[in-house]
Amino acid sequence: MYKAGDWILSGLMGCFVGTVYFLIEVTYKTVIGYPEGISWTMLLLALVMGIIMERMGAELPWRFPIWAQAILCGGAITAAEFITGCIVNLWLGWDVWNYSDLPGNFLGQICPQFAALWCILSGPCIVGLDWMRYAVRGGERPHYYWR
């Protein structure tokens, strides 16, 4: 059974990751001269992605290989991006992002390039979140398996 403090910690850590990602996205779009491409929906999605990533690391057993955790997490993030894209871009027509010019895209909302990037980024983020959780809450020291 979870204590309220565990849920609060999980939410804070997930929001931390989501906010950092959103700030990177804002910086990137500002530097390339496309600040109008920034949307509050990206922040909301980033927060959801951060929480997904934090929960993956918290809930999966240590014996579950870290590369498999990263692929599972990257797939979950890609699914969240697809659902959000279908709502905000296709249904509401807000045109927050469009990957139509990238090879292998699906409805212009997701593409294999970014799905792979999410998988690659998820591994180090899961490890970092595990160590943050350990530093705050204690418990079992993080350890990982590769196979």
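Residues numbered from 1 in each chain as written. Predicted model: local features only at pLDDT ≥ 70, side-chain atom pairs only at ≥ 80, totals over all residues. Heavy atoms only, no water.

Tell me what's going on with the nonpolar core, and back it up with residues and numbers.
When a protein is soluble and globular, its nonpolar side chains tend to lie buried together. By size, the foremost hydrophobic cluster in this structure holds 23 residues, and its most contacted members are Met53, Cys73 and Ile77. At the level of secondary structure, the elements contributing two or more residues to this core comprise α1 (4–31), α2 (40–59), α3 (66–91) and α4 (112–137). A total of six residues in this core trace back to one element, the largest contributor, which is α2. Setting aside residues no more than four positions away along its own chain, methionine 53 makes contact with Val17, Cys73, Ile77, Ser122, Cys125, Ile126 and Leu129. (Core = buried A, V, L, I, M, F, W, Y, C linked by side-chain atoms within 4.5 Å. Buried < 20%, exposed > 50% of the residue type's maximum accessible area, 1.4 Å probe, protein only. Helix = DSSP H or I, 4+ residues; strand = E, 2+ residues; numbered from the N terminus. Contact = heavy atoms within 4.5 Å.)

How would you summarise the side chain of threonine 78 if you had to cite specific residues and measurements?
By secondary structure assignment, the location of threonine 78 is in helix α3. Only 2.8 Å separates the side chain of threonine 78 from the backbone oxygen of glycine 74, close enough to count as a polar contact. When sequence neighbours within four positions are dropped, the list of residues in contact with threonine 78 reads Ile110, Ala115 and Trp118. (Polar contact = N/O pair within 3.5 Å; in protein donor to acceptor, adjacent residues only side chain to side chain.)

Before we move on, can you summarise α1 with the specific residues and values?
Its 28 residues give α1 an end-to-end C-alpha distance of 40 Å, which sits within 8% of 40 Å, the value for a rise of 1.5 Å per residue. Along α1, the residues that are buried comprise Asp6, Leu9, Ser10, Met13, Gly14, Val17, Gly18, Phe22, Glu25 and Lys29. Tucked into the core, α1 has its buried residues touching α2 and α4. Backbone geometry just downstream of α1 places glycine 33 in the positive-phi region, at approximately 80°. (Expected span 1.5 Å × (residues − 1).)

Mind laying out the layout of surface pockets, listing which residues take part and the relevant values?
As a volume, the largest pocket reaches approximately 760 Å³. What lines the largest pocket is a set of 30 residues, among which Tyr21, Glu25, Tyr99, Phe114 and Trp118 lie closest to the centre. Among the elements of the structure, α1, α2 and α4 are those that each provide at least two residues to the lining of the largest pocket. Of the pockets and cavities examined, the second largest pocket occupies roughly 260 Å³. (1 Å grid on protein atoms, 1.4 Å probe; cavity = no way out; pocket = protein on both sides within 12 Å on 5 of 7 lines; lining within 4 Å. Points joined across faces, edges and corners; volume = space filled by probe spheres on them.)

Could you give an account of a nonpolar patch on the surface, with specific residues and numbers?
Taken together, the side chains of Trp40, Leu44, Ile83, Ile87, Trp91, Leu92 and Trp94 present a nonpolar region at the surface, about 830 Å² in accessible area. For the nonpolar patch, the secondary structure elements donating two or more residues are α2 and α3. It is α3 that contributes the most residues to the nonpolar patch, three residues altogether. Mapping isoleucine 83 onto the fold places it in helix α3. (Patch = residues over 30% accessible without salt bridge, like charges linked within 9 Å, V, L, I, M, F, W, Y side chains within 5 Å. Areas by Shrake-Rupley, 256 points an atom, 1.4 Å probe, with all protein chains shown as cover. Salt bridge = Lys/Arg side-chain N within 4 Å of Asp/Glu carboxyl O.)

Account for the environment of valine 17, naming residues and giving values.
Relative to the helices and strands, valine 17 resides in helix α1. Between the C-alpha atoms of valine 17 and glycine 128, which are 111 residues apart in sequence, the distance is 10.0 Å. Each residue touching valine 17, except ones within four places of it in the same chain, is listed here: Gly50, Met53 and Leu129.

Talk me through the pattern of salt bridges; I want residue IDs and the actual numbers.
All chains considered together, the criterion is met by six salt bridges. Among the ionic pairs, arginine 55 bridges to glutamate 54, the shortest N-O distance being 3.1 Å. Glutamate 59 serves as the salt-bridge partner of arginine 55, at 2.1 Å between the closest nitrogen and oxygen. Of the two residues, arginine 55 and glutamate 59 both sit in helix α2, four residues apart, roughly one turn of that helix. Of the residues examined, glutamate 59 reaches a relative accessible area of 42% and is grouped as partly exposed. Taken together, the shared-partner salt bridges connect Glu54, Arg55, Glu59, Asp130 and Arg133 into one network.

None of the figures reported here should be taken as evidence of function without further support.
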